[in-house]
Amino acid sequence: QVQLVQSGAEVKKPGASVKVSCKTSGYTFTNYYLNWVRQAPGQGLEWMGTINPSGGSPYYAQKFEGRVTMTRDTSTSTVYMELNSLRSEDTAIYYCAREGGLAVVNFDYWGQGTLVTVSS
Amino acid sequence: DIQMTQSPSSLSASVGDRVTITCRASQSISTYLNWYQQKPGKAPKLLIYAASSLHSGVPSRFSGTGSGTDFTLTISSLQPEDFATYYCQQSYSNPRTFGQGTKVEIK
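Let us look at the structure shown here. Just so we're clear, the structure is a prediction, and the values are computed from it rather than from any experiment.

1. Some points on the overall build of chain A
Along the backbone of chain A there are zero helices and 11 strands. Moving toward the C terminus, one meets the helices and strands of chain A in the order β-β-β-β-β-β-β-β-β-β-β. Against the globule reference of 14 Å for 120 residues, chain A gives a C-alpha radius of gyration of 14 Å, in line with a compact fold. Considered along the principal axes of its C-alpha atoms, chain A spans approximately 40 × 30 × 25 Å. Within chain A, buried positions represent 48% of all 120 residues. Long-range contacts, defined as pairs at least 24 residues apart, comprise 52% of the intrachain contacts of chain A with a sequence gap of at least 6. Side-chain charges of chain A comprise 10 positive and 9 negative groups, with the mean position of each set lying 4 Å from the other.

2. What about the sheet that holds strand β3 (residues 18–25) of chain A?
Paired through backbone hydrogen bonds, the strands of a sheet run either parallel or antiparallel to each other. All names here are of chain A. Taken in spatial order, the four strands line up as β1-β3-β8-β7 in an open sheet, and their pairing is antiparallel. Lying at the two open borders of the sheet, with one neighbouring strand each, are β1 (3–6) and β7 (68–73). The average angle at which neighbouring strand axes cross in this sheet is 20°, direction not considered. When β1 meets β3, the two strands line up antiparallel, connected through four bridges. Note that in β3 the partner of leucine 4 across the bridge is threonine 24.

3. Some words on the pattern of salt bridges
All names here are of chain A. Per the counting criterion, the structure on display carries 12 salt bridges over all chains. Among the ionic pairs, glutamate 46 bridges to arginine 38, the shortest N-O distance being 2.9 Å. Take glutamate 46: its relative accessible area is 24%, and that puts it in the partly exposed class. The salt bridge involving aspartate 90 is made with arginine 67; its shortest N-O contact spans 2.7 Å. Taken together, the positions of aspartate 90 in the loop between β8 (78–83) and β9 (92–100) and arginine 67 in the loop between β6 (59–60) and β7 put the pair 23 residues apart, joining distant regions of the chain. Each of Arg38, Glu46, Lys63, Arg67 and Asp90 takes part in a single network of salt bridges with overlapping partners.

4. Describing the interface of chain A and chain B
Each side of the interface is counted separately: chain A has 19 residues, and chain B has 20 residues. Ranking the residues of chain A by area buried against chain B places A:Leu45, A:Trp47 and A:Val104 at the top, with a combined share of 35%. Counting every contact that joins chain A to chain B gives one salt bridge. The closest approach of N and O atoms between B:Arg96 and A:Glu99, which form a salt bridge, is 3.0 Å. Across the chain A-chain B interface, the total number found is eight residue pairs in polar contact (both at pLDDT 80 or more).

5. Some thoughts on the packing of aromatic side chains
By the definition in use, this model includes 10 aromatic pairs over all chains. Each ring, one from A:Phe107 and one from A:Trp110, has its centre 6.0 Å from the other, and the planes form 65°; the classification is edge-to-face. Residue classification places A:Phe107 among the buried residues on the basis of a relative accessible area of 0%. By relative accessible area, which is 11% here, A:Trp110 ends up buried. Aromatic pair A:Trp110 and B:Tyr36: ring centres 5.7 Å apart, planes at 80°, arrangement edge-to-face. Note that A:Trp110 is positioned in strand β10 (residues 106–110) and B:Tyr36 in strand β4 (residues 33–38), a pairing that runs across two chains. Of the two residues, A:Trp110 and B:Tyr36, both sit in the buried class. Of the aromatic side chains, those joined through ring pairs into one cluster are A:Tyr95, A:Phe107, A:Trp110, B:Tyr36 and B:Phe98. Between the NZ or CZ atom of A:Arg98 and the centre of the ring of A:Tyr27, over which it lies, the distance is 4.7 Å. The positively charged end of A:Arg98 is found above the aromatic ring belonging to A:Tyr32, 3.8 Å away from the centroid.

6. A closer look at unusual backbone geometry
All names here are of chain B. The linkage connecting serine 7 with the following residue, proline 8, adopts the cis geometry, with an omega of -5°. Inspection of the secondary structure puts proline 8 in the loop between β1 (4–7) and β2 (10–13). Omega for the peptide link from asparagine 94 to proline 95 comes to 0°, which places this bond in the cis form. Position of proline 95 relative to the elements: it lies in the loop between β9 (85–90) and β10 (102–106).

Rules behind the numbers
Positions within a chain are numbered from 1, following the residues in the order the chain's sequence is written. All chains are assigned letters beginning at A, and all ligands numbers beginning at 1, according to the order in which they are written. Reporting in this predicted model follows two pLDDT cut-offs: at least 70 for local features of residues, and 80 or more for side-chain atom pairs to be given and counted; totals over whole chains, interfaces and linings ignore these cut-offs and use all residues. Remark: hydrogens and water are excluded; side-chain values derive from all non-hydrogen atoms of the structure. Numbering of helices and strands runs from the N terminus, with a helix taken as a DSSP run of H or I at least four residues long and a strand as a DSSP run of E at least two residues long. Here the radius of gyration uses the C-alpha set of atoms, whereas the globule reference equals 2.2 Å times the residue count to the power 0.38. To sort residues, take the accessible area from a 1.4 Å probe on protein chains only and compare it with the maximum for the residue type: under 20% means buried, over 50% means exposed, and anything in between is partly exposed. Contact between two residues is taken to exist if any of their heavy atoms lie within 4.5 Å; hydrogens are not considered. Asp and Glu count as negative and Lys and Arg as positive, but His and the ends of the chain are not part of the count. Taken as the charge centre is NZ of Lys, CZ of Arg, CG of Asp or CD of Glu, depending on the residue. Only strands that DSSP links by at least two bridges are regarded as paired with each other. Lines fitted to the C-alpha atoms define the axes, with helices restricted to the stretch that makes contact. Angles between their N-to-C directions range from 0 to 180 degrees. We define a salt bridge as a side-chain nitrogen of Lys or Arg found within 4 Å of a carboxyl oxygen belonging to Asp or Glu. Buried area, as used here, totals the accessible surface that two parts lose on assembly, with accessibility defined by a 1.4 Å probe and the loss added over both. Counted as a polar contact is a pair of N or O atoms within 3.5 Å, where, for protein atoms, one must be capable of donating a hydrogen and the other of accepting one, and residues adjacent in sequence contribute only when both atoms are in side chains. Under the pairing criterion, centres of Phe, Tyr and Trp rings, with the six-membered ring standing for Trp, must be within 6.5 Å; the plane angle then separates stacked pairs below 30 degrees from edge-to-face pairs above 60, leaving the rest tilted. Should the NZ of a Lys or the CZ of an Arg lie within 6 Å of a ring centre and within 35 degrees of the ring normal, that charge is described as sitting over the ring.

Purely geometric stuff here, so don't read any function into it on its own.
Structure below.
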């Protein structure tokens, strides 16, 4: 069965960086894009960007351009999201989500989420 | 960016009620519209894709309609496990924006 398992919670100080992992299994890793979505406490869902595990450049939401880096490791079927220059507003749960669908893209499987807390 | 606006932001309903949530896009997105359900402390789950197609394993009491800019999610007979927050999302273009969410609470 398809599984996306994320790394554990992180506590970071303002200005630091965080790197969250998302290990996939149960399907062919290179056949599906992976996305990152975050959710601040009590707030809605915010799409951050997408990466093609087969290669090519990731696509980032403009809001995060210059601060986020998405990478992948095909040997372990894992994608990573690194966010730099953290500020308190980056406190959120970060989710990875597989991009399914043939004609209409959708996020059909999600990781369990990783809480990132930014606090001095 | 395409803006997605849901209404209402929250609603109270009873078990057995018919519930309708609407989602409006700031420009035409054809049927590039998905619906997700999120329960407290859990990741979102895909309910409906391409405006009206039910995701595998989703009960048939959930249905979606619409195209262009106006969409609806309907729960035909609300069940206790349906109390949650629902989000629409457009996949017409990047960034893949979400609506602000509709919280369905117990009356």
